[in-house]
Amino acid sequence: SSHFWTKRFLFYLSSSAFPSRVDLFSMASVVAAPEWYVPVGSLKIHPALVKVVEETVCPGTGFSPDYFWSCLDQLTHELRPEVESCLKRRDELQAQINAFYERSRAAGADTSAPEMRPQCRSFLKEIGYLEEDRGPVSVATQFVDPEIAEIPAPQLVVPSDNARYVLNAVNARWGSLFDALYGFDVVPSTAVQIGAVGGAGFDLEASGKPAPPPPSGGYNPVRGEAVIEFANGLLDEIAPLAAGKWSEVKRLWPKFVGSTQQLELLLQDDTTTSLKTPSLFVGSVGSLGPPNSQGLAAPTQKVVANRPCLPDKGRIFLKHNGLHLVLEVDREDSIGKNSLSGIKDITVEAALTAILDMEDSVSAVDAEDKARVYSNICGVMRGTLQAPFVKDGKSLTRRASSDIWMRDTKGDARSLPGRVVALVRNVGHHMFTDMVLTSDGRTVPEGFVDCLVTVGAALQDLRGTGRFVNSRMGSVYIVKPKMHGPREVALTCSIFGRAEEFFGLRRNTIKMGIMDEERRTSANLRECIRAAAERVFFINTGFLDRTGDEIHTCMLAGPVVQKADMKKQKWIKAYEDANVDIGLFSGFQGKGQIGKGMWAKPDSMKAMLEAKIAEPMAGASTAWVPSPSAAALHSIHYHRVDVTTRQMQLAMRPPAKVESLLEPPLLQELPDKQAIEHELRENAQSILGYVVRWVDLGVGCSKVPDLSNVGLMEDRATLRISSQLLANWLHHGLVSEGEIRSVFAEMAKVVDQQNARDKAYRPMSTNLDTNIAYQAALKLVLDGKRAPNGYTEFTLHDARRKAKAAFLSRL
């Protein structure tokens, strides 16, 4: 059974013969395979991985499990040497950069001074860190779905190890605007809503916090009216009427004008109007009429437009900037009957794409964890994924949504996709796994397994035999993170090319998303795009990981600025602008996405609505959001900004300069003692709050309360920043090891208190010396200078495996 193999595997992990996780995953290691590993050809494979490949990945593909393993064996034999060479090159470059700063400081130079920058850039060119710019490049990617190539929209990122979360993301293409507004702080709280007495006169609550629950615990009509008011204002903005306002609309219905329909609307003063831009109306469903007595059997019976024979119930479809809005009309609904127009909700087309993440937002440290991830990926690609859950005492099952049908303006039946286009983020080149061992006992690159499983999962979709269609253009979309420069992008192309040959796919079927999140990739982005010009569908600025790599690269140059000041630094604006500039100059418009990063405050939707419009204004055709509700609200920005036009405007500006991009975020004067202590406390609490849930509970992406108890989304990227910043300050003497240990012990008590209501949580502060999670968090800082590229996964994986083994020993 699965539990039997878990016990055997964890016993193996706890044995002294097993290599450290850092050794195991930072470079291919030699491992003695347990006797219970399954021999397949020259490979030895963990039974949990054998099981998922035999029972889930291969069925329906036409390929046997033995063929799958032979492909992995061949891929490993051919390309593992190149992976190892690329990782060695990373280490060599970092060692050269460290030596440069050490020599400069020993010679009396102030390495944090701006005057040092030209010398630094010359050195980076000299060692090959900055590669030769070979001029313009043109993206030539074909067969890209319009949701990626043509329509700007939000993008969700979801941990792929949780089936319920995955299905929520898959179904987030369509979302309730009313629910998103009502459930968060976009619509202000009022005195009436928080239980104060008084009639219609109420005071706005300016706290910016999520609205409190209604006094009765049910629907609050005052808040509901505020939601309807917001929605009417939004419709006035993006779908204005020829005359009047949406708040004055009493009825709306499709009306034939010749051979096509237009939207007719009746206002409070009994005059009719239409949309100022009639083409925004694209279809309808349901009983929305008749608007007058014409055609009735009893012509003497007076029927007026605002009093039909039956209550209106149907859907009006609008389309603006490529995105649909569905006006849900239902006068019998409790909300619809209180709305003058009868509109009970607006269903917005929100996230057109979602990244199913195998990397930063998951805690997948062994074969059984990865088997769960792989099973979920297969389920999404084939439309079979289900997630049972209980709600209000009832057992329910969540599934992927079906397509949406309507009648267009000519009366023809049309369907709209009911689900996002799923992209899959594999792990980076630096990760190796012992769930497969080669004949010489060596671990294999985990990304090789990820790639073959992802493509195998998509084969039914490519052949049209799945329950649903993911890519209508017949492509497989893999986002590849943590690549350092063009050579590593070319390596990924080689991996994808071999996978296409193994499975008999058209060349360049597997498309590549390039995460622009490492400094060497940012500095050489045009050459990275050139290396994947026929595959690339996506470039995205990952500010969080990019900041972590920035700190690690300039670790010895000087102390870096506080975390809150990072976004004010010169390099970050150049980084964000350069990504857009290079993407536009390379012809991404109409070929792929130019993306921006995550909104990290999942409860602060008002602030998101105010701030995140900056991303489409900056030329991004997509940006990451943490939830389906956030996607629904972020979609508003793509109605307010015509991204295609905005990109044309931005293409006329001078491109960002690499000189600004390479400006390190160094302190020009040291903070006072109070500021240093605050930064130490804030980062220590953040590190502990995330690490303890990662290690003890296996939660890869958490909403972690900060010192002010504001929930922030944390993953390995945010952890990388915090740990590298403290490691940097430790190296330069702003904080001592003793101060770090003291503050971490103090913050462990704070984190314990913040998690006190979680029954599964195990406190750290009661046994700091032996607590695995606490020691891992401390190690991330104390050993942060030596961590390859500042990555946290090696320490986290080692600690999680130890925690699983310790849990088993207590059974």
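Residues numbered from 1 in each chain as written. Predicted model: local features only at pLDDT ≥ 70, side-chain atom pairs only at ≥ 80, totals over all residues. Heavy atoms only, no water.

J.: Any details on the nonpolar core? Residues and values, ideally.
T.: Judged by nonpolar contacts, the single largest core of 137 residues is most densely connected at L49, W69, W246, L252, I346 and L633. I97, L661, I676 and A776 belong to the second largest nonpolar core, which has 68 residues in total. (Core = buried A, V, L, I, M, F, W, Y, C linked by side-chain atoms within 4.5 Å. Buried < 20%, exposed > 50% of the residue type's maximum accessible area, 1.4 Å probe, protein only.)

J.: Hey, could you go over the confidence of the model for the chain for me, with residue numbers and the actual values?
T.: Any region with low pLDDT has predicted coordinates that should not be read closely. When pLDDT is averaged across the chain, the result is 91; 91% of the residues are at 70 or more. Note that residues 293-303 has pLDDT below 50 and, in this model, four contacts with residues that lie over four places away or in other chains. (pLDDT = per-residue confidence, 0-100. Contact = heavy atoms within 4.5 Å.)

J.: Any chance you could break down the side chain of T521 for me, citing the residues and the numbers?
T.: Topologically, T521 is positioned in helix α13 (residues 519-523). Under the relative-accessibility criterion, T521 is labelled buried at 0%. With residues up to four places along the chain from it excluded, the contact list for T521 reads M483, H484, G485, I514, M515, D516 and C528. (Helix = DSSP H or I, 4+ residues; strand = E, 2+ residues; numbered from the N terminus.)

J.: Give me the sheet that holds strand β4 (residues 174-176): which residues, what numbers.
T.: Strand order across the open sheet formed by seven strands is β4-β13-β12-β11-β10-β17-β18, with antiparallel pairing between neighbours. The open sheet is flanked by β4 and β18 (413-416), the only strands paired with a single partner. Each neighbouring strand pair of the sheet contributes to a mean axis angle of 30°, computed without reference to strand direction. With three bridges connecting them, β4 and strand β13 (residues 343-349) associate as antiparallel partners. Residue pairing in the sheet places W174 in a bridge with E349 of β13. (Pairing = 2+ DSSP bridges. Axes fitted to C-alpha atoms, helices over the stretch in contact; angles between N-to-C directions.)

J.: Explain unusual backbone geometry to me, using residue names and the numbers behind them.
T.: In this structure, D392 takes a positive phi of about 55° despite not being glycine. Here D392 is to be found in the loop between β15 (386-391) and β16 (394-399). For N789, which is not a glycine, the phi torsion comes out positive at approximately 55°. Inspection of the secondary structure puts N789 in the loop between α25 (772-782) and α26 (793-809).

J.: Mind laying out the pairing of strand β23 (residues 510-516), listing which residues take part and the relevant values?
T.: Counting buried residues along β23, seven of its seven residues qualify, which places the element largely inside the surrounding structure. The side-chain alternation of β23 yields two buried faces, one formed by I510, M512, I514 and D516 and the other by K511, G513 and M515. In the sheet, strand β22 (residues 476-480) pairs with β23 via five bridges, with the strands oriented parallel. Paired with V476 across the strands is I510, a residue of β23. Handedness of the crossover is the feature at issue here: the chain leaves β22, passes through helix α12 (residues 486-503), returns alongside β23, and the resulting connection is right-handed. (Right-handed = clockwise from strand over helix to strand, strands pointing away.)

J.: I'd like a description of helix α11 (residues 446-463), backed by residues and values.
T.: When the terminal C-alpha atoms of α11 are compared, their 27 Å separation across 18 residues agrees well with the 26 Å that a helix rising 1.5 Å per residue should span. A457 marks the point of greatest bend in α11, at about 30°. In the stretch just after α11, G464 is the one whose phi turns positive, near 75°. (Expected span 1.5 Å × (residues − 1). Bend = angle between axes of the 7 residues up to and from the residue.)

J.: Give me the pattern of salt bridges: which residues, what numbers.
T.: Considering all chains together, one arrives at 55 salt bridges under this definition. Of the charged contacts in the structure, one is a salt bridge between D357 and R425, with a shortest N-O distance of 2.7 Å. Of this pair, D357 sits in strand β14 (residues 353-357) while R425 sits in strand β19 (residues 421-425); the two residues are 68 residues apart in sequence, bridging distant segments of the chain. R425 carries the same exposure label as D357, and that label is buried. (Salt bridge = Lys/Arg side-chain N within 4 Å of Asp/Glu carboxyl O.)

J.: Give me the packing of aromatic side chains: which residues, what numbers.
T.: For the coordinates displayed, the defined rule picks out nine aromatic pairs. Centre to centre, the rings of F63 and F503 are 5.2 Å apart; their planes meet at 75°, and the pair counts as edge-to-face. One end of the pair, F63, is in the loop between α3 (47-57) and α4 (65-106); the other, F503, is in helix α12, and 440 residues separate them in sequence. Ring geometry for F100 and Y101: centres 5.5 Å apart, planes at 65°, overall edge-to-face. (Phe/Tyr/Trp six-rings, centres within 6.5 Å; stacked < 30°, edge-to-face > 60°.)

J.: Describe empty space enclosed by the protein, and please don't skip the residues or the numbers.
T.: For the coordinates displayed, the defined rule picks out eleven cavities of 30 Å³ or more. A volume near 160 Å³ is recorded for the largest cavity. Lining the largest cavity are 21 residues, and of these V380, R419, V420, V469 and N470 lie nearest its centre. Breaking the lining of the largest cavity down by element, the ones donating at least two residues are α7 (163-170), α10 (367-382) and β19. Its residues placed into classes, the lining of the largest cavity shows twelve nonpolar, four polar and five charged. Considered as a void within the structure, the second largest cavity measures approximately 90 Å³ in volume. Lining the second largest cavity, in full, are R90, L93, Q94, I97, Y129, H484, R520, D549, T553 and N789. Elements with a minimum of two residues in the lining of the second largest cavity: α4 and α15 (543-553). Ranked by residues supplied to the lining of the second largest cavity, first place goes to α4 with four residues. Here the residues of the lining of the second largest cavity are counted per class, giving three nonpolar, four polar and three charged. (1 Å grid on protein atoms, 1.4 Å probe; cavity = no way out; pocket = protein on both sides within 12 Å on 5 of 7 lines; lining within 4 Å. Points joined across faces, edges and corners; volume = space filled by probe spheres on them. Nonpolar A, V, L, I, M, F, W, Y, C, P; charged D, E, K, R; others polar.)

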